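Okay, here's what each chain looks like letter by letter:
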Amino acid sequence: MGTRVTVLGGGICGLAAAHRLARSGAEVTLLEGGDQLGGLGTFTPWRDGWVERFYHCVMPTDDDLLALLGEVGLRESVAWRRTSMGMVVGGRHHPFNSALDLLRFTPLRLRDRVRFGAVSLLLRRLGRGRDLDRLRTEDWLRGLYGDRVWDSLLAPMFGSKFGAAFGDVPALYLWQRLGRESNVSVRGYPAGGYRTIIDALRRSIEDAGGVVRTSSPVTRVRGDGSVLVSDEVFEADRVVSTLPLPALRSIADPALAPLLPDVRLAYQGVVNALFFLRRPLSGHYWAPVVRSGTDFDGVIEMSALAGPFHGRHLVYVMKYTDRESALYREDDARVTARWTKQLVGLYPDLTSADVEEVRLFKAPFVEPVYPLGYLEHRPPLEVAGTPLLLATTAHVYPSVTSWNSSVGLANRVVALLDDAVRGPGSHEGGQVEGATDQVLQGGGDPHRG
Ligand SMILES: Cc1cc2nc3c(=O)[nH]c(=O)nc-3n(C[C@H](O)[C@H](O)[C@H](O)COP(=O)(O)OP(=O)(O)OC[C@H]3O[C@@H](n4cnc5c(N)ncnc54)[C@H](O)[C@@H]3O)c2cc1C
């Protein structure tokens, strides 16, 4: 009989872990609370197809994800395209892709444009060998770019991700992200959308004898490896939890709760509207929106990457925000109406008649707001004295949260379980930590926005 493993959460991390475990002979049961698998990569039905609720793309450097896609026969289904970036500042649109674009970028004074370009080119090198994990992003970037660039561009642009706390986030996080992104970059999108990946993983788990249950919210996790869904009990030798740590804490048995890692991270959530437009917008895959009178901070024109969907152009606009914020709590219909007006106001050629439909989606736990020195405080994957393993976004730092980093994390957890079941050395590539080295060599993955 194989080791019995219960996997909590059916986002990409739980699915990847369950797939690998089931394929290596474990008896896997995956429990997902929602009625769909995919977590932050779930879908909304539209016409006779499905569309991601939140924009997603694959990067060419997503090695762990691409390897997983290879295992389920989908690697070749990713279509790659060169995408471009725009920038909207004070309501004016600027392309932001080349040295010439930068030279013409009037929101900055000429000398700041030159400085911006030079520092950006060197940023990767400037960070090498420095303890960026303990350096505030603001302290680092203000010093390099100067006050004006920081105040007028960088703080609003990247601050949209972490809110007021952005300046306090370790510079390492941003360095990781910028180092692997370029303004004109190749991005990928799987044929048939992300749902094809989810479906293929589910099939793989079930074909290997695993059980996948949706609409099964876990209500209790105990320190002995048993898990409750209402009054149904699931016993296992090991439990892998991919739930955000605050969610796990809220359902942990009183005996288990004190054993969980004592990291109390704040999390950014997101409010994200999906527009079905009758016409394209700008052709830029993404455009940060700065000081333009909108509540949202960025526009993602997904059709620039994935092509139109049933003749409609898919555009996402988003604001990362705390789940307790007024915006997050505001009525969906009001946000939708206001953001539609704002989007139409932002693009001179767009009229409300071009907007066929808008759907609003929110997620409470998208990204932990990492504190300084987090490399040392990242929680371990194993909860000592229990059969519980953790694989959450709190563990992927300094990598940017993404499908790739979640798959990489799932691999690490599976390697640990392999060691426990079959002894150390039973898997390949077992060395899983050492993030600092990885960072200094440019590891990690960029992603969003
Ligand atoms: C707006 C936006 C844009 C993004 N863009 C990209 C992109 O372009 N490329 C990219 O790679 N990544 C992108 N990401 C990030 C990516 O979606 C996440 O990093 C990734 O999906 C995290 O996967 P996960 O499995 O770790 O967590 P999640 O997807 O959050 O999965 C956790 C699962 O646990 C379930 N759960 C919670 N509580 C319970 C419970 N009590 N019982 C059972 N189940 C429970 C949830 O329903 C969920 O399905 C984006 C995210 C957002 C929000």
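Refer to the structure above for everything that follows.
This is a predicted model, so every value here is computed, not measured. (Residues numbered from 1 in each chain as written. Predicted model: local features only at pLDDT ≥ 70, side-chain atom pairs only at ≥ 80, totals over all residues. Heavy atoms only, no water.)

It is worth spelling out the environment of H377 at this point. Summarising the element assignment, H377 is placed in helix α13 (residues 374-377). For the pair H377 and V263, spaced 114 residues apart in sequence, the C-alpha separation works out to 7.6 Å. (Helix = DSSP H or I, 4+ residues; strand = E, 2+ residues; numbered from the N terminus.)

Overall, the coordinates contain 27 salt bridges when judged by the stated rule. E71 serves as the salt-bridge partner of R20, at 2.3 Å between the closest nitrogen and oxygen. Of this pair, R20 sits in helix α1 (residues 12-23) while E71 is found in helix α2 (residues 63-71), placing the two residues 51 residues apart along the sequence. Since its relative accessible area comes to 17%, R20 is described here as buried. On the basis of relative accessibility, which here comes to 43%, the residue E71 falls in the partly exposed class. (Salt bridge = Lys/Arg side-chain N within 4 Å of Asp/Glu carboxyl O. Buried < 20%, exposed > 50% of the residue type's maximum accessible area, 1.4 Å probe, protein only.)

The seven strands are arranged β7-β6-β15-β16-β17-β14-β18 in an open sheet whose pairing can be described as mixed. Either end of the sheet is taken by a strand with one partner, and the two such strands are β7 (92-95) and β18 (355-369). Pairwise comparison of adjacent strand axes, ignoring direction, gives a mean angle of 20° for this sheet. Where strand β16 (residues 298-301) lies against strand β17 (residues 313-321), four bridges are found, and the strand directions are antiparallel. For I300, the partnering residue across the bridge sits in β17 and is Y316. (Pairing = 2+ DSSP bridges. Axes fitted to C-alpha atoms, helices over the stretch in contact; angles between N-to-C directions.)

What follows concerns the packing of aromatic side chains. This structure, assessed with the given rule, holds 16 aromatic pairs. The interplanar angle of 35° and the centroid separation of 5.7 Å between the aromatic rings of Y173 and Y370 together place this pair among those described as tilted. Pair noted here: Y173 is in helix α7 (residues 171-180) and Y370 is in the loop between β18 and α13, with a separation of 197 residues, a long-range link. Here Y173 and Y370 have matching classes, each one buried. (Phe/Tyr/Trp six-rings, centres within 6.5 Å; stacked < 30°, edge-to-face > 60°.)

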